[in-house]
Amino acid sequence: MGALVTNAKDRSNRMKHLFGNVDRTELEKNLPSPAADKSRASSAGMSGAVKSMQQSFSTVEAENDRLRAQLQSAEAVVELDPAALVPSFVRDRFDIEGNPRFPLFVESIRNEGQKLPILVRPIPEKAGTYQVAFGHRRWRACQILGRPVRAVVVPLTDEQLVIAQGIENAERANLSFIEQALFAGELKKQGFTRETIAKALGRSEAKGLAYISILTAVAAALPEGLVRKIGPAPSVGRPKWEKLGSFFKDLKLPADANSAVNGLVASEKWQSLSSDDRFAGVLQILDRRADAPEPPGQLDLGDGLSVTTKRTSKVTQISIPHAPAPGLSAWLIERLPQLVEEFKRSEQGAKS
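Reading the values: rules and limits
- In this numbering scheme, every chain counts its residues from 1 along its sequence in written order.
- The predicted nature of this model means local features are confined to residues of pLDDT at least 70 and side-chain atom pairs, given and counted, to a pLDDT of 80 or more, with totals for whole chains, interfaces and linings taken over all residues.
- Water and hydrogen atoms play no part in the side-chain values, which are based on all heavy atoms of the structure.
- Per-residue accessibility, obtained with a 1.4 Å probe over protein chains only, is compared with the maximum for each type, and a residue is labelled buried under 20%, exposed over 50%, and partly exposed between these values.
- Each helix is a run of DSSP H or I of at least 4 residues and each strand a run of E of at least 2, with the numbering of both proceeding from the N terminus.
- Throughout, the arc means the angular range of directions from the helix axis out to the C-beta atoms.
- Working rule for contacts: check all heavy atoms of both residues, and any pair within 4.5 Å makes them a contact.
- In summary, the pairing rule links any two rings of Phe, Tyr or Trp, Trp by its six-membered ring, whose centres are within 6.5 Å, and it sorts them by plane angle into stacked for under 30 degrees, edge-to-face for over 60 and tilted for everything else.
- Throughout this description, the term charge over a ring refers to an Arg CZ or Lys NZ atom that lies within 6 Å of the ring centre and within 35 degrees of the ring normal.
- Polar contacts, as counted here, are pairs of nitrogen or oxygen atoms within 3.5 Å of one another; within protein the pair requires one atom able to donate a hydrogen and one able to accept it, and residues that are adjacent in sequence qualify only if both atoms are side-chain atoms.
- We treat two strands as partners when DSSP finds at least two bridges between them.
- Put simply, buried Ala, Val, Leu, Ile, Met, Phe, Trp, Tyr and Cys residues joined by side-chain atoms within 4.5 Å make one nonpolar core.
- Only four residue types enter the tally: Lys and Arg on the positive side, Asp and Glu on the negative side, with His and both chain ends excluded.
- Whenever Lys or Arg places a side-chain nitrogen within 4 Å of a carboxyl oxygen from Asp or Glu, that contact is recorded as a salt bridge.

Brief notes about helix H6 (residues 102–112)
Listing the buried residues of H6 in full gives Phe102, Phe105, Val106 and Ile109. Along the long axis of H6, the arc covered by the buried residues comes to 100°, so they all point the same way. Exposed side of H6, more than 90 degrees from the buried face: Leu104, Asn111 and Glu112 are the residues found there. The elements touched by buried residues of H6 are helix H7 (136–145). Looking one or two places after H6, you find glycine 113, whose phi comes out positive at around 85°.

Laid out in structure tokens, this is it:
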């Protein structure tokens, strides 16, 4: 994932920088009124919400550090109706409920409550509604449980939102390579610069911008629908995803390969496979078809001369019968160096 922020002081500084220009007066305008939420606040123990963020409990210690800077800016945790929230305008993770650990996460919130608030921004054109910057899993769990979701409300620009979203994901748990790629690709489509995308993915090192270019190139080479069906494939790195992308031309496969992949995706077996195994299954199908030899071809050159060709992904064989054209094979072999040079010139001309 690159250089992540692991020091609590560094994390705090990054969040302070992100929210450093927050207008406290504007923030208070966008928070639910005390009167509207008085009963809800009293039942939930709102006065102790910020204090609870400072308590020490091992499973959420890292989250406490990251949220402390936000709380210093907002100094308010409120409870919102989950129905009043909409997701971020860019997806950063794959299907939340498709993760086998998600039901356990829901049960933990059912039994212990939502210990960590999510971060949202008000939607000015729709009074009383908010957009989630991060905390989509907590929001979804509260939806399922039918309870209010605890949140910090901060006015954010689009850039601030995606950076906050990325920082949270980078520091909670590494996104897989393909999750990073789709996230970066979506941000690029929406017009964000490589610099902003790099910040959102925690790539502060010198090679960060080059890495963003790699991510967006991989995302552009693969059909998103298939990638999301495969899932995050946490054990699959860049080389294999690039290899998978090499089989596609304009996001499409040859008809026979496409049919085989669709057959796998629609099978009962697919549902029982892990994300890593789904990737392996798709790649195996495409590898086999690439290596399978084409049926022998016949090229009629006239005067009774017919050349036979056999092709695979790695080699092409040409068979020239001697009888119809004696000496033709030797002549071609002698001229091969010249023909290769002519081929190279034609390739260079095509690229220029």
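The discussion continues.
Observations regarding the packing of aromatic side chains
Within the structure shown, the criterion is met by 3 aromatic pairs. Ring centres of phenylalanine 89 and phenylalanine 192 lie 6.1 Å apart, and the angle between their planes is 10°; this geometry places the pair in the stacked category. With phenylalanine 89 in the loop between strand E2 (85–86) and H6 and phenylalanine 192 in the loop between helix H9 (177–189) and helix H10 (194–200), this residue pair connects regions lying 103 residues apart in the sequence. With relative accessibility at 24%, the residue phenylalanine 89 sits in the partly exposed group. The cationic tip of arginine 137 hangs over the ring face of phenylalanine 105; the distance from NZ or CZ to the ring centre is 3.9 Å. A cation over a ring is seen here: arginine 203 above tyrosine 211, with NZ or CZ 3.9 Å from the ring centre.

Describing the side chain of threonine 216
Within the secondary structure, threonine 216 is located in helix H11 (residues 208–221). Taking the relative accessible area as the measure of exposure, threonine 216 reaches 10% and is therefore buried. Not counting residues up to four positions away in its chain, the partners in contact with threonine 216 are Ala184, Gly185 and Lys188.

Structural notes on the environment of aspartate 287
Relative to the elements of secondary structure, aspartate 287 occurs in helix H16 (residues 275–291). Residue class for aspartate 287 comes out partly exposed when judged on its relative accessible area of 22%. In this structure the side chain of aspartate 287 is engaged in a polar contact, spanning 3.2 Å, whose partner is the side chain of lysine 243.

A closer look at the pairing of strand E4 (residues 130–134)
Buried residues dominate E4, accounting for 5 of its 5 residues. In terms of strand pairing, E2 meets E4 through 2 bridges, oriented parallel. Looking across to E4, one finds that leucine 85 is bridged to tyrosine 130. Pairing geometry for strand E3 (residues 118–122) and E4, over 4 bridges, is antiparallel. Note on E4: the bridge partner recorded for arginine 121 is glutamine 131.

A look at the nonpolar core
Counting residues in each nonpolar core, the largest one holds 54 residues, and the members touching the most others are Trp241, Leu244, Val282 and Leu286. With 7 residues, the single largest contributor to this core is H9. Other than its neighbours up to four places away in sequence, tryptophan 241 contacts Phe177, Ile178, Val218, Leu222, Val227, Ile230, Gly231, Ala233, Val236 and Phe279. Counting 13 residues, the second largest nonpolar core, distinct from the first, contains Val78, Tyr130, Val132 and Cys142.

Regarding the side chain of arginine 150
Examined against the element boundaries, arginine 150 turns out to sit in strand E5 (residues 149–153). Buried arginine 150, no salt bridge; nearest opposite-charge side chain is glutamate 79, N-O distance 5.0 Å. A distance of 3.4 Å separates a polar side-chain atom of arginine 150 from the backbone oxygen of lysine 115.

In short, geometric facts, not functional conclusions.
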